[in-house]
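Coordinate analysis (summary)
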Amino acid sequence: MTPDEFRLHGHALIEWIASYRERAQSGQFDVIPRTAPWPAGEPVQPGALRARLPAEAPQQPEEFAAVLADLDRLILPACTHWQDPRFFGYFPSNGLFSAVLGDLASTGLGQLGLNWQASPALTELEEVTTDWLRRMLGLSESWRGVIHDTASSATLVALVCARERTSDFAATARGLAASDAPLVVYTSSQSHSSVEKAALIAGFGRAQLRSIVVDEAFAMRADALEQAIRADRAAGLKPCAIVATTGTTATTALDPIADCARIAADHGLWLHVDAAMAGSAMIVPECRGLWDGIEGADSLVVNPHKWLGVSFDCSAYYVRDPQHLVRTMSSNPSYLRTATDAVATSYRDWGVPLGRRMRALKLWFVLREQGVMGLQARIRRDLASARWLAAQVDAPEAQAAGWRRIAPVPLQTVCVRHEPPALCGDGAALDRHTLDWVGRINASGQAWLTPGIVDGRWIVRVAIGAEATQLQHVREVWALMRQTAEQAGG
């Protein structure tokens, strides 16, 4: 493709993306893929797209216009529309237009961050943007940041750092078998599945991962954490790390960070805070009490690719002791050594991959195009919408119709269950009813809601935060929920 051909097709692709966003954000699609060429009225089934694609790559070059045409004909009909204002599933994963352009510029520049010399701009822009974000979050100058792909990678790095500090780097030198006692990790029963995966990859093993019970607000109980640590010490084990969560996946529960920090300090444990989604709210000063005590943590992670609108993937990992991080993760082959190593940051030593993309560029684009105040306004809008929905669920009329709010609403996710009187006392039947009505909504294409299990029973999460979601969309999904659930429940 020549530069002139790139200009031609690039302009066409930009127009296609802009048109898609206009259609998605005006609700022209079903939220889940149901449109032609798939059978009318039926959601896309596994394998439907695969069956329409050739089994082998083309032997001869194709016109790029044909590739663009197949975006409409094949790819778009099999896409779930995360940018639709009626998308209330999982957590927000917005890609603002400025982030899309940042990704395009990053790919066009083709930078590869092996070290500072490989791309001074990549390294120094990442230093600046992570520091901008640190200041926006209200964190002190004690923190240094790096951009990973996801919070899963950040949590893995945190647990490896914890392992090395507790073992005095014996695990790096001789493996975990060198430890005089098994190392133990503590986390909430409501923590993300990536914590367990990170513990397994880092070599702790499931037997050394403690799931701490939660209170009535689904937050980790500090007293139970303390008891578990003391019991493990008495049993000859070696407590190593606490992973606390600000904004759990199921309910956005808030673990008591200040208590966890005190316990970590008393027992010499590493404290990592997973604030992947909820951390974005901390750019709003009135929300910072939700992670009170954060300055006592050793590391934390925030995902700008969720609520802040930076396109996936962009996960900001912050540490208080970058020297320890570098010593833990460093590799220094001769072909990467340069004269600037002593004075410049080498982000290859801040995580697992050697190479890295220029992710900071899309963060830079978003922060400049939106401004801090623009991002704060959108978060405040979503918080207000969640409070409105919680109030509707709590209203006497809704309560009389069987609606129950299952958890507090500190952020933008409202967890609900419809409990018809006829099903009271029959947990299995209530679970079937919950999955039935949320399944009907999702299959209709009119909205997307995520069910989940909380306290042993199925509930439905309404996660507000798509860029285009206004209060009117929340009103409409609440009306749809009431109509669908109450009709299904008789």
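Residues numbered from 1 in each chain as written. Predicted model: local features only at pLDDT ≥ 70, side-chain atom pairs only at ≥ 80, totals over all residues. Heavy atoms only, no water.

Overview of the overall build of the chain
- Tallying secondary structure elements over the chain gives 15 helices and 12 strands in all.
- A compact globule built from 490 residues should have a C-alpha radius of gyration of about 23 Å, and the chain, at 24 Å, falls within 12% of that.
- When its C-alpha atoms are laid out on the principal axes, the chain stretches across 65 × 60 × 45 Å.
- Counting every position in the chain, which comprises 490 residues, the buried fraction comes to 51%.
- Within the chain, contacts between residues at least 6 apart in sequence are counted, and of these 74% link residues at least 24 apart.
- For the chain, the accessible surface area stands at approximately 21500 Å², while carbon and sulfur atoms represent 54% of it.
- Of the charged side chains in the chain, 46 are positive and 52 negative; the average position of the first set lies 2 Å away from that of the second. (Helix = DSSP H or I, 4+ residues; strand = E, 2+ residues; numbered from the N terminus. Rg over C-alpha atoms; globule rule 2.2 N^0.38 Å. Buried < 20%, exposed > 50% of the residue type's maximum accessible area, 1.4 Å probe, protein only. Contact = heavy atoms within 4.5 Å. Areas by Shrake-Rupley, 256 points an atom, 1.4 Å probe, with all protein chains shown as cover. Lys, Arg positive; Asp, Glu negative; His and termini not counted. Charge placed at Lys NZ, Arg CZ, Asp CG, Glu CD.)

Focus: the packing of aromatic side chains
- This model, assessed by the stated rule, comprises 11 aromatic pairs.
- Ring centres of Trp403 and Trp478 lie 5.1 Å apart, and the angle between their planes is 65°; this geometry places the pair in the edge-to-face category. With Trp403 in strand β9 (residues 403-405) and Trp478 in helix α15 (residues 471-488), this residue pair connects regions lying 75 residues apart in the sequence.
- By relative accessible area, Trp403 is classed as buried at 0%.
- Relative accessible area serves as the criterion here: at 7%, Trp478 is assigned to the buried category.
- Clustering of aromatic rings is evident, with ring pairs tying together Trp82, Phe87, Tyr90 and Trp448.
- Directly above the ring of Trp143 sits Arg320, whose terminal nitrogen or CZ lies 5.4 Å from the centroid.
- It is Arg461 that lies over the ring of Phe91; its NZ or CZ is 5.0 Å from the centre. (Phe/Tyr/Trp six-rings, centres within 6.5 Å; stacked < 30°, edge-to-face > 60°. Lys NZ or Arg CZ within 6 Å of the ring centre and 35° of its normal.)

Some thoughts on the sheet that holds strand β10 (residues 413-418)
- In space, the 5 strands of this open sheet follow the order β1-β11-β12-β10-β9, with mixed pairing throughout. In this open sheet, the two edge strands, each paired with only one partner strand, are β1 (87-88) and β9.
- Alignment of β10 against strand β12 (residues 457-463), held across 4 bridges, turns out to be antiparallel. When the bridges of β12 are listed, Cys415 appears paired with Arg461.
- Relative to β12, helix α14 (residues 427-444) is tilted by about 30°, and along the sheet it contacts β9, β10, β11 (448-454) and β12. (Pairing = 2+ DSSP bridges. Axes fitted to C-alpha atoms, helices over the stretch in contact; angles between N-to-C directions.)

Here's the deal with the pattern of salt bridges
- Within this structure, the stated rule accounts for 31 salt bridges.
- For Asp4, the salt bridge goes to Arg7, with nearest N and O atoms at 2.8 Å. Placement of the pair is Asp4 and Arg7 together in helix α1 (residues 3-25), with a separation of 3 residues, close to one helical turn.
- Looking at Arg7, the relative accessible area reads 48%, which means it is partly exposed.
- A salt bridge links Asp436 to Arg440, with the nearest nitrogen and oxygen atoms 3.2 Å apart. In this pair, Asp436 and Arg440 both sit in helix α14, 4 residues apart, roughly one turn of the helix.
- Judged by its relative accessible area of 29%, Asp436 falls in the partly exposed class. (Salt bridge = Lys/Arg side-chain N within 4 Å of Asp/Glu carboxyl O.)

A word on the nonpolar core
- With 61 residues, the main nonpolar core has Leu137, Tyr186, Ile242, Leu271, Trp291 and Leu300 as its most contacted residues.
- If one sorts the elements of this core by residue count, helix α12 (residues 360-394) sits on top with 8 residues.
- Residues within four places of Leu300 in sequence aside, it is in contact with Leu139, Trp143, His272, Val273, Trp291, Ile294, Ala316, Tyr317 and Tyr318.
- The next biggest cluster of nonpolar side chains, apart from the first, holds 30 residues, and it includes Ala158, Ala162, Ala241 and Val319. (Core = buried A, V, L, I, M, F, W, Y, C linked by side-chain atoms within 4.5 Å.)

Observations concerning helix α11 (residues 322-329)
- Within α11, the full set of buried residues consists of Pro322, His324, Leu325, Thr328 and Met329. Taken end-on, α11 shows its buried residues confined to a sector of 160°, consistent with a single buried face. Exposed side of α11, more than 90 degrees from the buried face: Gln323 and Arg327 are the residues found there.
- Where α11 is buried, its residues touch β2 (144-148), α6 (151-167), β6 (270-274) and β8 (315-319). (Arc of directions from axis to C-beta.)

Brief notes about α14
- If you check α14, its first and last C-alpha atoms are 26 Å apart, about what 18 residues at 1.5 Å a residue would give, namely 26 Å.
- Packed against the buried residues of α14 are β9, β10, β11, β12 and α15.
- Positive phi shows up at Gly445, right after α14, with a value of about 80°. (Expected span 1.5 Å × (residues − 1).)

Comments concerning the sheet that holds strand β3 (residues 183-188)
- On the basis of which strands lie adjacent, the open sheet formed by 7 strands has the order β2-β8-β7-β6-β5-β3-β4 and mixed pairing. Of all the strands in the sheet, the pair left with one neighbour each is β2 and β4 (209-212). Strand-to-strand twist of the sheet, defined as the mean angle between neighbouring strand axes without regard to direction, takes the value 20°.
- Across 4 bridges, the pairing between strand β7 (residues 299-302) and β8 is antiparallel.

So, the side chain of Asp103
- Among the secondary structure elements, Asp103 is positioned in helix α4 (residues 97-109).
- Take Asp103: its relative accessible area is 17%, and that puts it in the buried class.
- In this structure the side chain of Asp103 is engaged in a polar contact, spanning 3.1 Å, whose partner is the side chain of Arg357.
- A polar side-chain atom of Asp103 sits 3.5 Å from a polar atom in the side chain of Lys362.
- Those residues in contact with Asp103 that lie beyond four places of it in its chain are Ser311, Phe312, Arg357 and Lys362. (Polar contact = N/O pair within 3.5 Å; in protein donor to acceptor, adjacent residues only side chain to side chain.)

These values are about where atoms sit, not about what they do.
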